[in-house]
Structures are given as C-alpha cells and as structure tokens.
Amino acid sequence: MHFLLGCNHPSFTLPWRTLLPYLVALHLLQPGSAQLRVVAPSLRVTANVGQDVVLRCQLSPCKDAWSSDIRWIQHRTSGFVHHYQNGEDLEQMEEYKGRTELLRDGLSDGNLDLRITAVSTSDSGSYSCAVQDGDGYADAVVDLEVSDPFSQITHPWKVALAVIVTILVGSFVITVFLYRKKAAETTKQKGKDAELERMDAKLETLVENLERRNAEFEKLASELERRDAKLETLAESLERRNAEFAEKLASDLERRNAQLDKLASDLVQQTKAVEKLNSQWSKLQSLKLTKSDTIQNNCIGYEKSPQAVNYSPLSNPEKHHEAKRRWYIKSDYPQYPNQRGVGPAHVGTHGTPI
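Residues numbered from 1 in each chain as written. Predicted model: local features only at pLDDT ≥ 70, side-chain atom pairs only at ≥ 80, totals over all residues. Heavy atoms only, no water.

A. Region of interest: the sheet that holds strand β13 (residues 136–147). Taken in spatial order, the six strands line up as β4-β13-β12-β7-β8-β9 in an open sheet, and their pairing is mixed. Of all strands in the sheet, those with a lone pairing partner are β4 (45–48) and β9 (88–89), marking the two edges. (Pairing = 2+ DSSP bridges. Helix = DSSP H or I, 4+ residues; strand = E, 2+ residues; numbered from the N terminus.)

B. Spatial organisation of the pairing of strand β12 (residues 125–133). Sheet analysis places strand β7 (residues 69–74) next to β12, joined by six bridges and oriented antiparallel. Its bridge partner lying in β12, Gln 74 is registered against Tyr 127. One ladder, built from nine bridges, connects β12 with β13; its direction is antiparallel. In the strand pairing of β13, Gln 132 is matched with Tyr 137. If you look at the hairpin formed by β12 and β13, you'll find two residues sitting between the two strands, and Gly 134 has a positive phi there, around 70°.

C. Focus on a nonpolar patch on the surface. There is a patch of nonpolar side chains on the surface, built from Trp 157, Leu 161, Val 165, Val 169, Phe 172 and Val 173 and spanning about 620 Å² of accessible area. With respect to the helices and strands, the residue Leu 161 is situated in helix α2 (residues 156–295). Exposure remark for Leu 161: the relative accessible area of 46% places this residue in the partly exposed category. (Patch = residues over 30% accessible without salt bridge, like charges linked within 9 Å, V, L, I, M, F, W, Y side chains within 5 Å. Areas by Shrake-Rupley, 256 points an atom, 1.4 Å probe, with all protein chains shown as cover. Salt bridge = Lys/Arg side-chain N within 4 Å of Asp/Glu carboxyl O. Buried < 20%, exposed > 50% of the residue type's maximum accessible area, 1.4 Å probe, protein only.)

D. Main features of the pairing of β13. Across four bridges, the pairing between β4 and β13 is parallel. Note that in β13 the partner of Thr 46 across the bridge is Glu 145.

E. The confidence of the model for the protein, seen in detail. Confidence in the prediction of the protein, expressed as mean pLDDT, is 78, and 71% of residues score 70 or more. Mean pLDDT values for the elements of the protein range from 37 in strand β1 (residues 2–4) up to 94 in strand β5 (residues 53–55). Within the model, pLDDT remains below 50 along residues 339–354, and this stretch shows 34 contacts once partners closer than five positions in the same chain are excluded. (pLDDT = per-residue confidence, 0-100. Contact = heavy atoms within 4.5 Å.)

F. Quick look at the environment of Val 38. Along the polypeptide, Val 38 turns up in strand β3 (residues 37–39). By relative accessible area, which is 7% here, Val 38 ends up buried. Distance from Val 38 to Ala 130, taken between C-alpha atoms, is 7.8 Å for residues 92 residues apart in sequence. Those residues in contact with Val 38, other than ones at most four positions away along the chain, are Cys 57, Gln 58, Leu 59, Cys 129, Val 131, Ala 138, Asp 139 and Ala 140.

G. Main features of unusual backbone geometry. Cis rather than trans, the peptide bond between Ser 60 and Pro 61 has omega equal to 0°. As for its placement among the helices and strands, Pro 61 is situated in the loop between β6 (58–60) and β7. Of note in this structure, Ser 78 is not a glycine but carries a positive phi near 60°. Inspection of the secondary structure puts Ser 78 in the loop between β7 and β8 (79–85). You will see that Ala 118, though not glycine, has its phi angle at about 50°, which is positive. Structurally, Ala 118 can be placed in the loop between β11 (114–116) and β12. By relative accessible area, Ala 118 is classed as partly exposed at 42%.

H. Local environment of the side chain of Thr 100. Its location among the elements puts Thr 100 in strand β10 (residues 100–102). A distance of 3.0 Å separates polar atoms of two side chains, one belonging to Thr 100 and the other to His 82. When sequence neighbours within four positions are dropped, the list of residues in contact with Thr 100 reads Val 81, His 82, Gln 92, Leu 114, Arg 115 and Ile 116. (Polar contact = N/O pair within 3.5 Å; in protein donor to acceptor, adjacent residues only side chain to side chain.)

I. Looking closely at the nonpolar core. Formed by 30 residues in total, the largest nonpolar core has its most connected members in Val 38, Leu 55, Cys 57, Ile 70, Trp 72 and Leu 112. Listed by contribution, the elements that provide at least two residues to this core are β4, β5, β7, β8, β11, β12 and β13. Sorting elements by how many residues they give to this core places β13 first, with five residues. (Core = buried A, V, L, I, M, F, W, Y, C linked by side-chain atoms within 4.5 Å.)

J. Region of the structure containing the sheet that holds β5. One open sheet accounts for three strands, arranged β5-β11-β10; its pairing is antiparallel. The open sheet has two edge strands with one neighbour each: β5 and β10. Within this sheet the neighbouring strands show an average axis-to-axis angle of 25°, counted without direction. Note that β10 and β11 share three bridges and pair antiparallel. Opposite Glu 101, over in β11, you have Arg 115 as the bridge partner. (Axes fitted to C-alpha atoms, helices over the stretch in contact; angles between N-to-C directions.)

Here is the structure:
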C-alpha cells in the first residue's frame with residue numbers, strides 16, 4: 001500500500017511505513033506551530049551511465065518555494081550541484097554546469113526536484129537538499145547509485161567472440177573503405193589522365209601556333225632588314241644630295257653677295273650723282289625765282305592780248321601756252337618777230353629755257 005505525499009505531487013509515492021515517523025513527529029508538534037521540514041524518499045535512486053535521473057525532495061508542510069533559497073549539495077565534495085535563489089540559478093560545480101535543472105513547475109507546490117542529465121559513475125553518492133526560507137532551515141538526503149553495465153564480469157568466450165566479431169566487422173569496414181577509396185582514386189586518376197590528354201592536345205596546338213608565328217616573325221625580320229638596307233641607301237643618297245645642295249647654295253650665296261656688293265657700290269655712285277643733281281637743281285630753282293620776278297610784269301600785258309582772249313587755258317591749254325610764248329617774244333625781242341626755235345624763242349612761259 002502506497003500513500004501520495006505532498007500537495008498534488010505527480011509521482012512522489014512512498015510506502016506507508018516510511019511515513020509513520022513523520023506522522024508521529026507532526027502529531028507531537030504543538031498546535032499552530034509551522035516548523036519547516038524537507039521530506040525525501042528513503043529508497044536509493046538507481047540509474048545507468050548516460051541516463052537522466054530526477055532527485056526528488058519536497059517541503060512539509062506544503063508551501064510555495066519560489067522565493068526560497070534551494071541548494072543541492074554533493075556530500076563527497078561539499079560542492080553545490082545546483083543553487084537556486086529568488087527565481088535565479090546561481091553558482092555550481094564545474095562538472096555539473098549545463099547538466100542540472102531545477103524543475104520549477106513544482107515549486108509552487110513545494111516540490112524541490114532536481115534533474116541531472118547524462119549521469120556517470122562519478123555522480124554516485126549522497127546529495128543533500130537544503131532549503132532556507134526566512135529564519136527557517138531544513139534539509140534531507142537523497143542517495144544516487146549509477147552503474148555501468150559494460151563493466152560487469154563476463155565470460156571469456158563472450159569476450160573472445162566479441163573481439164572476433166569486432167575484428168571481422170572492422171576488417172570488413174576497412175576493406176570496403178579501402179576498396180571505395182581505391183575506386184575513387186582510380187576514377188580520379190582516370191579523370192586526371194583525361195585532363196592531361198586534353199592539356200597535351202592544347203599544348204600541341206599552342207606549339208603549332210608558336211611555330212607558325214615564329215615563321216611569320218622571321219619573315220617580318222627579313223623584310224625589316226631589307227627595308228633597313230634600303231633606308232640606309234636612301235640616307236646615304238640624302239646625305240650626298242645635302243652636301244651637293246649645301247655646296248651649290250654656298251656658291252650661289254657667294255655670287256649673290258658679290259652682286260650685292262657691286263649693287264651697293266653702284267648705289268653709292270648713283271647717290272652721289274643724285275646729290276650732285278640736287279645741288280644743280282637747287283641752283284636752277286634759285287635762278288628760276290630770280291627770272292620769275294623779272295618776267296612777272298610782262299605777264300600783265302599778255303592777259304589783255306588777242307591771243308589770250310581767243311585761247312582759254314582751260315579749254316585749249318596748248319594753244320594758250322603757244323600764244324603766250326609768242327607774245328613774250330614780240331614784246332621783249334621785236335627784232336625776232338617770226339623766229340621759232342632760235343634765240344629767245346626757246347624761253348619758257350616764265351623766262352626759263354624750254
């Protein structure tokens with residue numbers, strides 16, 4: 001016969017004999033007292049290596065444990081396996097980090113269950129569930145035993161059979177692995193050979209192209225040599241022509257310089273002759289002005305002569321000039337009335353020689 005312990009605990013059941021001491025203790029308490037107690041199962045919790053286990057523990061009387069300070073402590077090391085306080089998980093041992101969980105769904109009912117994942121043989125031992133709520137403190141002990149099924153003593157023939165099977169399986173696996181590896185290497189080698197053949201074909205094509213281009217380059221080189229020789233011949237011809245042209249130009253310059261020197265000497269002589277003529281012209285101008293004053297009075301009578309009236313200097317200037325000349329001759333030289341081209345007949349309009 002089993003009794004259900006705690007306030008609506010889902011799976012925490014104990015034999016009724018284990019509850020008898022607790023019931024007696026509760027009966028001896030004075031009415032109205034509420035001493036804090038922690039109740040844990042007396043049976044040892046067992047598990048195999050790698051399994052998950054739940055260490056169960058509960059407050060008595062039932063009360064909400066959300067705001068309590070809950071500590072699960074390993075007796076062997078006295079270290080915190082899990083520490084919970086006011087809704088937060090605090091420090092714990094290094095080997096239990098990430099492996100423990102306080103089941104908070106049952107805290108409101110006073111359940112203090114702790115889950116440990118992937119247990120090992122080192123997790124075996126006693127664990128203390130300690131609770132502190134205000135001034136009250138209580139704890140209980142839970143034992144955990146973790147066994148390794150593979151560490152038990154077995155028969156030698158089983159061990160030998162297991163070893164033989166393991167060797168056979170390993171050999172088969174290795175053989176298959178090596179076969180597949182060899183097949184993969186063979187396929188890979190074939191692919192490499194095909195790639196090498198393609199590269200060889202490409203290289204042959206490149207070599208042919210290079211040979212063809214080398215032939216073209218040689219042809220171009222010969223053509224360039226021929227053109228270089230032709231250019232050298234042209235350069236020599238140009239140098240020769242330049243020398244001839246320079247000599248001819250030098251001779252022409254010398255000849256023209258001589259001509260320019262001669263022209264310069266002629267120009268100097270002509271300049272001297274012009275200066276001489278200018279001096280003579282100046283003398284004649286002075287003489288002309290002197291005679292002009294003498295003849296000016298004779299011009300007054302001519303203006304009233306019949307010849308001047310008949311021939312206007314604007315309508316017929318030649319006949320006007322001839323009549324004017326004849327009038328001077330008749331007035332100044334009556335001894336030559338009909339002479340032309342003799343003596344004073346050669347005197348101009350103002351007395352200057354004609």
